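Secondary and tertiary structure notes
So you can see what is in the structure, the chains are spelled out below.
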Amino acid sequence: KADCLKNDSKSSYLAHLSVALSIGESAQNDSLIALVYLKLGEYYQEYASYDSSVIYLNRAIEKSRSLKDKRLLVDALTFLGVAQGFQQKVDEAMTTLQEAVKEASRLPNSQEQELELEVELAYIMLDNRFFDRAESILKDALKNSPFPDTSQINRRLQNTLGYVYMDSGRPDSAIHYLNASI
């Protein structure tokens with residue numbers, strides 16, 4: 001329900017998350033608490049309050065580990081890695097997102113999620129102008145993808161690789177991958 005309220009207003013969304021957190025704490029429901037921490041981390045990331053985002057995401061990670069909730073752990077690690085990328089903490093972001101990939105690989109039917117995490121890694125490299133690293137991540141992901149070239153995830157990988165080439169001043173290569181992604 002809180003996701004629907006995100007569009008209403010910032011204070012309304014936070015108020016609902018606060019109520020949910022209070023309910024989770026009073027009921028000693030660690031699953032609810034972990035989920036609210038994740039949602040708070042997402043919320044603060046969306047509004048570029050990365051320090052606050054990192055605090056809540058670390059709490060979500062701690063709770064999800066104690067609960068052995070791998071899916072929540074992967075989500076929290078993913079958002080944490082992205083927040084670290086926005087903070088220009090590239091090495092931390094890489095480590096966190098690589099941990100998310102490792103944890104995601106332990107989930108059933110996780111290949112697409114793993115590739116989505118590779119896209120997130122590449123975007124962090126791209127945003128920080130590490131073009132060679134972004135290119136390597138994406139080419140490896142495409143090479144190892146079990147999905148057909150026309151799948152949505154492979155088109156996203158190709159599209160992102162096109163942007164890497166465009167931003168690094170290689171428009172001929174960019175056009176090839178951007179066209180392949182259509």
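Here, residues in each chain are numbered from 1, in the same order as that chain's written sequence. Residue-level local features of this predicted model are given only where pLDDT is at least 70; pairs of side-chain atoms are given and counted only at 80 or more, and the full residue set underlies all totals for whole chains, interfaces and linings. Derived side-chain values reflect all non-hydrogen atoms in the structure, with water molecules and hydrogen atoms excluded from consideration.

Its identity as a non-glycine residue notwithstanding, Gln 88 has a phi of 60°, on the positive side. Runs of H or I in DSSP of at least four residues are treated as helices and runs of E of at least two as strands, each being numbered from the N terminus. Within the secondary structure layout, Gln 88 lies in the loop between α5 (70–86) and α6 (90–104). Even without being glycine, Arg 129 reaches a positive phi, approximately 65°. With respect to the helices and strands, Arg 129 occurs in the loop between α7 (111–127) and α8 (131–144).

This part takes up the packing of aromatic side chains. How two aromatic rings sit relative to each other is given by the distance of their centres and the angle of their planes. Any pair of Phe, Tyr and Trp rings, taking the six-membered ring for Trp, is counted once the centres come within 6.5 Å. Such a pair is stacked with planes under 30 degrees apart, edge-to-face with planes over 60 apart, and tilted for the rest. If you walk through the whole model with that rule in mind, you get seven aromatic pairs. Judged by centre distance (5.1 Å) and plane angle (80°), the rings of Tyr 43 and Tyr 44 are edge-to-face. Of the two residues, Tyr 43 and Tyr 44, both sit in the buried class. With a centroid separation of 4.9 Å and 50° between ring planes, the pair formed by Tyr 43 and Tyr 47 is classed as tilted. In this structure an aromatic cluster arises from ring pairing among Tyr 13, Tyr 37, Tyr 43, Tyr 44, Tyr 47 and Tyr 56. For every residue, the accessible area (1.4 Å probe, protein chains only) is compared with the maximum for its type, and the residue is labelled buried under 20%, exposed over 50%, or partly exposed between those bounds.

Averaged over all residues, the pLDDT of the protein is 91; the fraction at 70 or higher stands at 96%. Overall, residues 1–6 carries pLDDT values under 50, and its contacts beyond four positions in sequence, including any with other chains, amount to ten contacts. The pLDDT score gives, residue by residue, the confidence of the prediction method on a 0 to 100 scale. In what follows, residue pairs with any heavy atoms lying within 4.5 Å of each other are defined as contacts.

The next point concerns the packing of α8 against helix α9 (residues 152–167). Across the interface, α8 lies against α9 with an axial gap of 10 Å and an inter-helix angle of 155°. One finds that α8 runs roughly antiparallel with respect to α9. Considering how the two elements wind past one another, α8 and α9 form a crossing that is left-handed. Residues Phe 131, Ala 134, Glu 135, Leu 138, Lys 139, Ala 141 and Leu 142 of α8 form the contact with α9, whose own contacting residues are Asn 154, Leu 157, Gln 158, Thr 160, Leu 161, Val 164, Tyr 165 and Asp 167. Whenever a helix is involved, its axis is fitted only over the stretch in contact; in every case the axis is a line through C-alpha atoms, and angles between N-to-C directions fall within 0 to 180 degrees. For classification purposes, an angle smaller than 35 degrees is called roughly parallel, one larger than 145 roughly antiparallel, one from 65 to 115 roughly perpendicular, and anything else oblique. If you view the pair so one helix is near and one far, a crossing is left-handed when the near helix is turned anticlockwise from the far one by less than a right angle, and right-handed when it is turned clockwise.

We define a salt bridge as a contact between a side-chain nitrogen of Lys or Arg and a carboxyl oxygen of Asp or Glu at a distance within 4 Å. Tallying each qualifying case throughout the model produces eight salt bridges. Among the salt bridges present, the one from Glu 99 reaches Arg 65, with a minimum N-O distance of 2.1 Å. Of this pair, Glu 99 sits in helix α6 while Arg 65 sits in helix α4 (residues 50–67), and the two are 34 residues apart along the sequence. Here Arg 170 ties to Glu 135 by a salt bridge, and the two come within 3.3 Å at their closest N and O atoms. With a gap of 35 residues between them, Arg 170 in the loop between α9 and α10 (171–180) and Glu 135 in helix α8 connect regions that are remote in the sequence. If you follow the salt bridges from partner to partner, you end up with Lys 70, Glu 103 and Arg 106 in one network.

Glancing now at the environment of Glu 46. Mapped onto the elements of the fold, Glu 46 is located in helix α3 (residues 30–46). Distance in space between the C-alpha atoms of Glu 46 and Ala 83 is 9.5 Å, their sequence separation being 37 residues.

Now for the side chain of Ser 53. Along the chain, Ser 53 turns up in helix α4. What makes Ser 53 buried here is its relative accessible area of 0%. Setting aside residues no more than four positions away along its own chain, Ser 53 makes contact with Gly 41, Tyr 44, Gln 45 and Ala 83.

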